[in-house]
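Structural overview for review
Listed below, chain by chain, are the residues.
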Amino acid sequence: MRKALSFFLMAVLLIGVLGACGPKRDVQQPKGNDQKTAEQDKKPEKLVVWVNDDEKQKQALKDIFQKYTEKTGIKIEMVGVNMLDQTKKLALDGPAGKGPDVFYQPHDRIGDIVLQGLADPVDLGDAKGEYSPTAINAVTYDGKTYGVPMVVETYGVFYNKNLVSEAPKTMEDLMKIAKEKTNAAKDQYGFLMEAANFYFVYPFFAGYGGYVFKNENGKYDISDIGLANDGAVKGAELVQSWFKNGYIPKEITGDIMNGLFTKGNVAVAITGPWNIASYKEALGDKLATAPLPVLDNGEHPKSFVGVKTWMLSAYSQNKEWAVDFMKFVTNEENSLHYYEVAGEMPANEKALTNEKITNDPLIAGFAEQIQYGEPMPNVPEMSQVWEPMGNALQFIAKGDNPKAVLGEAVKTIQDKIAASGAGK
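Only a predicted model underlies this, so the values are computations on that prediction, with no experimental measurement involved.

With respect to the packing of aromatic side chains
Applying the stated criterion to the full structure yields 22 aromatic pairs. Ring centres of Y155 and F200 lie 5.1 Å apart, and the angle between their planes is 65°; on these two criteria the pair is classed as edge-to-face. A residue pair is termed long-range when its members are at least 10 positions apart, and Y155 in the loop between β7 (148–153) and β8 (156–160) and F200 in helix α8 (residues 198–206) qualify at 45 residues. F200 shares its class with Y155; the two are buried. The cationic tip of K214 hangs over the ring face of Y211; the distance from NZ or CZ to the ring centre is 4.9 Å.

Quick notes on the side chain of S313
Relative to the helices and strands, S313 resides in strand β14 (residues 304–313). At 3.4 Å, the side chain of S313 and the backbone oxygen of P100 are in polar contact. Leave out the neighbours within four places in its chain, and S313 touches L90, P100, D101, F103, L118 and K319.

Focus on unusual backbone geometry
Despite not being glycine, D142 shows a phi value in the positive range, around 55°. Of note, D142 is situated in the loop between β5 (140–141) and β6 (144–145). Phi at D187 is positive, roughly 60°, even though this residue is not glycine. Tracing the backbone through its elements, the reader meets D187 in the loop between α7 (171–181) and β9 (189–193).

A closer look at the packing of helix α3 (residues 55–72) against helix α12 (residues 319–329)
Helix-helix packing is described using two parameters, namely the angle between the two axes and the distance between the axes. Between α3 and α12, the shortest axis-to-axis distance is 10 Å and the interhelical angle comes to 125°. Here α3 is positioned oblique relative to α12, judged by the angle of their axes. Read as a crossing pair, α3 and α12 show a hand that is right-handed. Across the interface between the two elements, L61, I64, F65, K67, Y68, K71 and T72 from α3 touch W321, D324, F325, F328 and V329 from α12. Looking at side-chain class alone, the contact of α3 with α12 contains eight nonpolar, one polar and three charged residues.

Focus on the sheet that holds strand β13 (residues 287–290)
Reading across the sheet, the four strands line up as β9-β12-β8-β13 and stay open at both edges, with mixed pairing between neighbours. Each of the sheet's edge strands pairs with one partner strand only, and the pair in question is β9 and β13. Averaged over all neighbouring strand pairs, the angle between strand axes comes to 20°, with direction disregarded. Bridging between β9 and strand β12 (residues 266–271) involves four bridges; their strand directions are parallel. Paired with Y189 across the two strands is V266, which belongs to β12. Against the sheet, helix α10 (residues 254–262) touches β8, β9, β12 and β13, its axis set at about 140° to β12.

Thresholds, definitions, all that
Residues numbered from 1 in each chain as written. Predicted model: local features only at pLDDT ≥ 70, side-chain atom pairs only at ≥ 80, totals over all residues. Heavy atoms only, no water. Phe/Tyr/Trp six-rings, centres within 6.5 Å; stacked < 30°, edge-to-face > 60°. Helix = DSSP H or I, 4+ residues; strand = E, 2+ residues; numbered from the N terminus. Buried < 20%, exposed > 50% of the residue type's maximum accessible area, 1.4 Å probe, protein only. Lys NZ or Arg CZ within 6 Å of the ring centre and 35° of its normal. Polar contact = N/O pair within 3.5 Å; in protein donor to acceptor, adjacent residues only side chain to side chain. Contact = heavy atoms within 4.5 Å. Axes fitted to C-alpha atoms, helices over the stretch in contact; angles between N-to-C directions. Parallel < 35°, antiparallel > 145°, perpendicular 65-115°, else oblique. Left-handed = near helix turned anticlockwise from the far one by under 90°. Nonpolar A, V, L, I, M, F, W, Y, C, P; charged D, E, K, R; others polar. Pairing = 2+ DSSP bridges.

This is the structure we're talking about:
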């Protein structure tokens with residue numbers, strides 16, 4: 001009986017070994033087209049890309065996307081979604097597997113996007129050097145690159161050659177124009193800007209040493225706010241003098257300024273390239289642009305630079321190809337095509353310094369100003385800055401003490417950041 005049991009156990013063991021070595025007939029083998037190579041597994045049939053829902057931009061991108069398909073065989077499914085609505089939609093669609101591989105955002109929202117876990121870092125490799133350093137800094141968050149920059153924009157000087165023969169090169173030049181050309185009773189001004197709007201006023205703070213959050217090696221220290229330091233106060237005093245001297249009316253808005261400029265009543269205006277079309281229609285070949293005038297300390301005002309960037313969805317299953325796609329779209333040739341069709345300045349350094357841009361008299365001034373500017377902080381805490389600083393500038397315009405007003409504004413910003421739970 002014991003021998004029979006031993007023989008039975010040996011037989012079972014032998015059958016098990018033979019079964020492990022032989023084919024498993026209960027597992028269905030892949031057939032035909034399902035038997036893909038490793039290379040085919042890596043290359044997707046398509047990439048889904050969310051673009052800003054703007055007709056000129058979509059037309060420019062359609063051409064570029066087609067070229068990528070011809071090069072790689074990968075189809076690009078272009079979906080128009082308003083840039084400011086994409087993250088909310090991605091938060092819903094991504095986990096459900098219905099989101100994009102690549103989406104498009106203003107760089108100042110990167111911090112919030114990363115905190116939500118919606119985007120992955122991007123390894124640009126050697127291609128990192130192909131982009132404007134300012135643009136790369138803009139898409140860097142917590143020391144990592146979270147985007148592939150497509151577009152850069154900032155503001156600068158527009159001037160009416162009927163009223164001034166050349167652009168003011170220094171702040172002294174600009175103040176001379178303001179003094180000589182301003183007659184508020186006739187709605188005539190030598191110089192106008194939205195001088196109570198922190199976005200436009202920041203360069204004059206920063207040019208003297210002010211800053212929003214201290215930036216060390218691509219990392220912002222939100223506990224170190226430089227909007228009430230000596231440099232910021234000096235910038236605020238300069239801005240206050242424009243109101244005090246009657247150069248700029250206290251009730252100035254963008255609409256008021258644009259209306260006066262297009263009527264031919266303003267010699268110099270500080271605003272952005274988004275006004276080129278309407279200004280050119282009004283003034284024709286009498287319209288010209290230039291970078292911001294140099295301050296009395298010899299420094300260029302440091303305007304906020306905005307960057308529109310492609311981002312890699314954290315939910316993408318095709319990350320390597322998505323990065324390859326983003327680099328292709330933003331190369332020199334494609335960036336120039338986008339500029340020619342959509343009219344936006346490229347973040348690609350060679351494209352930005354190409355003669356097609358440097359020889360364009362209405363874009364050249366803004367392209368030059370980019371090199372003096374600095375990226376708007378991309379940390380979520382930046383959202384706590386705008387309202388207190390806007391209120392502070394209103395008080396400064398009315399004649400309140402700049403040092404005291406800015407000190408109160410910084411305290412309010414700190415309180416708002418603390419209340420939001422940041423840094424905990």
